[in-house]
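Chain by chain, the residues run as shown.
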Amino acid sequence: MKKAFVRRPSAEPASPAERIVTTATRLFESQGYAATGINQIIAESKTAKASFYDHFPSKELLGKEYLARYGTSHLALIRTLMQRSGSPEDFIRSWVRILKRQLKLHKFYGCPMSNLRAQTADSSPLLKTAVKDLADSTIELIASYIRTANPGGLFAAQKTATLAARRIFSAYEGAIHIWQLTGDEAALDDIGFMAEQVLKSRD
C-alpha cells in the first residue's frame, strides 16, 4: 500500500521589513554601510521601493535598526559568556575564542559599532548617539561583572570597575583594528593579554 503523500506547509516568507533588515545586515557587514546603497538593498531583498520607505523612511533609520539588533545579540552573547565563566579572565578568553571562530568561518568583519561610526563620522548624529549608547552599555556590563566577580576586591568600587572595563573595551577595539590593518589573526590574542594586565593593575 502506497503511503499517502502529505505536502508540508512551506515556511512563511519573511515580511518585507525582515527581508530588508536581513539584507542590509549582510551588506553593511560585508561591504560596509557607506558603500551600500538603498537601491541595492531594495533589489537584493526583493522589496518594492514604496514598501522599503514605508518601513524605513531613510537609510539612517535602517542603520539604527541594524545597530539595535546587533546590540541585542552582542550584549546577550557577553552575558552568556559571563554566566559560563569562572572568572573575568575566563570570560575574556571565551570572548576571544568566539571572535576567532567567527573569523575562521568568514563571519567576522570587525566591530559593527566602530565600523559604522568610522563610516558615518559626524554626518549622522542619530547613529553617533546609537553607537555611543551601545559602547557605554558594553562598558557598563563588563564593569558590573568584574565588580561582582570579586566582591571586596580590587574593583569593588564602581569608579574603579568602570575604568577597568573601559580599558578592557579599549583592548578589544584596538586589537580588532590591528587585525583589520594587518590581517594577522594573532592580533586578536592581544585582547586577552592586555585585558589580563588591566585586571592585575592597581592604577
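Overview of the structure.

Once that is clear, we can look at the packing of helix α5 (residues 88-104) against helix α7 (residues 125-149). At their nearest, the axes of α5 and α7 sit 10 Å apart, and the two run at 145° to each other. Across from Pro-88, Phe-91 and Trp-95 in α5, the residues of α7 making contact are Ile-142, Tyr-145, Ile-146 and Ala-149. For the contact of α5 with α7, the residue count by class is 7 nonpolar, no polar and no charged.

Looking now at unusual backbone geometry. The phi angle at Lys-46 is positive, at roughly 55°, despite the residue not being glycine. Residue position: Lys-46 is located in the loop between α2 (38-44) and α3 (49-55). According to the relative accessible area criterion, Lys-46 is exposed, its value standing at 69%.

All right, on to the side chain of Thr-138 then. You can see Thr-138 is positioned in helix α7. The buried category is assigned to Thr-138, whose relative accessible area is 0%. If we skip the residues at most four places from it in the chain, Thr-138 touches His-74, Leu-75, Ile-78, Met-113 and Phe-169.

Criteria and thresholds
Residues numbered from 1 in each chain as written. Predicted model: local features only at pLDDT ≥ 70, side-chain atom pairs only at ≥ 80, totals over all residues. Heavy atoms only, no water. Axes fitted to C-alpha atoms, helices over the stretch in contact; angles between N-to-C directions. Helix = DSSP H or I, 4+ residues; strand = E, 2+ residues; numbered from the N terminus. Contact = heavy atoms within 4.5 Å. Nonpolar A, V, L, I, M, F, W, Y, C, P; charged D, E, K, R; others polar. Buried < 20%, exposed > 50% of the residue type's maximum accessible area, 1.4 Å probe, protein only.

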